[in-house]
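Each chain is listed here by its residues.
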Amino acid sequence: TDRQTDRQTDRQTDRQTFLDVLKGICILLVIVTHAQWSEEERLRYLFPFWVDMAVPIFMIVSGYVSALSFQKNNITKIEKAYSMKAIIWKALRFIIPFLAVILIELVGINFMGHRYSLAESIALFLRGGEGPGSYYTPVMLQFIFIFPVIYFLIKKKDLQGLIICGGINITYEILQRVYGMNEECYRMLMFRYVFVIAFGCYLAVGKEVIKFQYYIISLFLGLVFILVNSYLGYTPKIIIYWTSTSIIASLWIMPIISYMIVRLGKIHCKPLEILGKASYNIFLVQMVYYLVLNNISNLFSNQWLLLFTSIVVCTIGGIIFYYIETPVTRKIMQWKRKIEN
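Residues numbered from 1 in each chain as written. Predicted model: local features only at pLDDT ≥ 70, side-chain atom pairs only at ≥ 80, totals over all residues. Heavy atoms only, no water.

Draft legend 1. Region of the structure containing the packing of aromatic side chains. Applying the stated rule across the entire model yields 25 aromatic pairs. With a centroid separation of 5.1 Å and 85 degrees between ring planes, the pair formed by Phe 94 and Tyr 280 is classed as edge-to-face. Pair noted here: Phe 94 is in helix α5 (residues 84-111) and Tyr 280 is in helix α15 (residues 279-296), with a separation of 186 residues, a long-range link. Ring geometry for Tyr 280 against Phe 283: centres 6.5 Å apart, planes inclined by 20 degrees, an arrangement best described as stacked. On the criterion of helical spacing, the pair formed by Tyr 280 and Phe 283 is a turn pair, its members being three residues apart in helix α15. In this pair, the class of Tyr 280 matches that of Phe 283, namely buried. For the cation-ring pair, Arg 44 lies above Tyr 45, with the distance from its terminal atom to the ring centre recorded as 5.5 Å. A cation sits over an aromatic face here: Arg 192 above Trp 242, 5.0 Å from the ring centre. (Phe/Tyr/Trp six-rings, centres within 6.5 Å; stacked < 30°, edge-to-face > 60°. Helix = DSSP H or I, 4+ residues; strand = E, 2+ residues; numbered from the N terminus. Buried < 20%, exposed > 50% of the residue type's maximum accessible area, 1.4 Å probe, protein only. Lys NZ or Arg CZ within 6 Å of the ring centre and 35° of its normal.)

Draft legend 2. The arrangement of the side chain of Thr 243 in detail. As for its placement among the helices and strands, Thr 243 is situated in the loop between α11 (212-231) and α12 (247-250). Residue Thr 243 is classed as buried on the basis of its relative accessible area of 17%. Non-local contacts of Thr 243, meaning those with residues more than four positions away in its chain, are made with Phe 225, Asn 229, Pro 236 and Ala 249. (Contact = heavy atoms within 4.5 Å.)

Draft legend 3. Quick peek at the pattern of salt bridges. Tallied over the entire structure, the rule returns six salt bridges. Among the salt bridges present, the one from Asp 20 reaches Lys 23, with a minimum N-O distance of 4.0 Å. Here Lys 23 and Asp 20 lie together in helix α1 (residues 2-33), a separation of three residues that amounts to about one turn. When salt bridges that share partners are traced, they join Asp 20, Lys 23 and Lys 277 into one network. (Salt bridge = Lys/Arg side-chain N within 4 Å of Asp/Glu carboxyl O.)

Below is the structure:
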């Protein structure tokens, strides 16, 4: 039994390491997708099939890791998942580095001659700041509050719970169409990612094995949707925003990620693991970087040199930010715990 426990621990460690590798690859794809590409180039390099999948993969991994965390911390009741300590700690892990970036953006905006009022500064915070991907932090803060519902639904209903989450996701898509939700509001709500988050959760705690033929159907439907939507000019009737990362497009990558987590869990790559651990900080840095780059991109005559520079600046800057910010956040949390005790 001790050997079995050791093997289980080793497998969990390997999978955690592989998830960091996966996150490292995805954050590179985020930097790539936010570079200056024409629509023709995006299609030529098949971005819809791989680069556009970065955020859905992040959501799958978030669901997977959060489910394992709930199990590790023996969270068996939803009341415990919504304890003040759990919510505040998770929220601060996102908010503290985000606040640092917001302050930098406010200083930069004021430096460029536009002074934000207090109301405008608050609005900037609530909408996730400026720069590409600014919706991500608000979405992840929503994730903290909604994930416990997803987790306990899957724990109680198993595969049926995953199907229910898919129904919730589709219902959101229908409602946004019926009520004419604008794109800015749509992108800021996490309900468009409920199914992929639930899928990650199911991979971690689901009991019933998803049949192979269902994975084949999922992969096929996702591929067909991406092909007809991105390359054959089909315009969806319901999912009209962010179609390349939608629930249907994500169907193609879900079986692949499932296979990778189960079968490729022993893959190690130290540089990608570091990128994965620092992925949120790198993401925040790339927001500021691309915001500035819009004003100086004409200094680069070669697109590939610009892309290489973007990757180097964002990754190195994000890693430095991670190693500075993480100890500060831990100190703040230790200080908070001392006050509570």
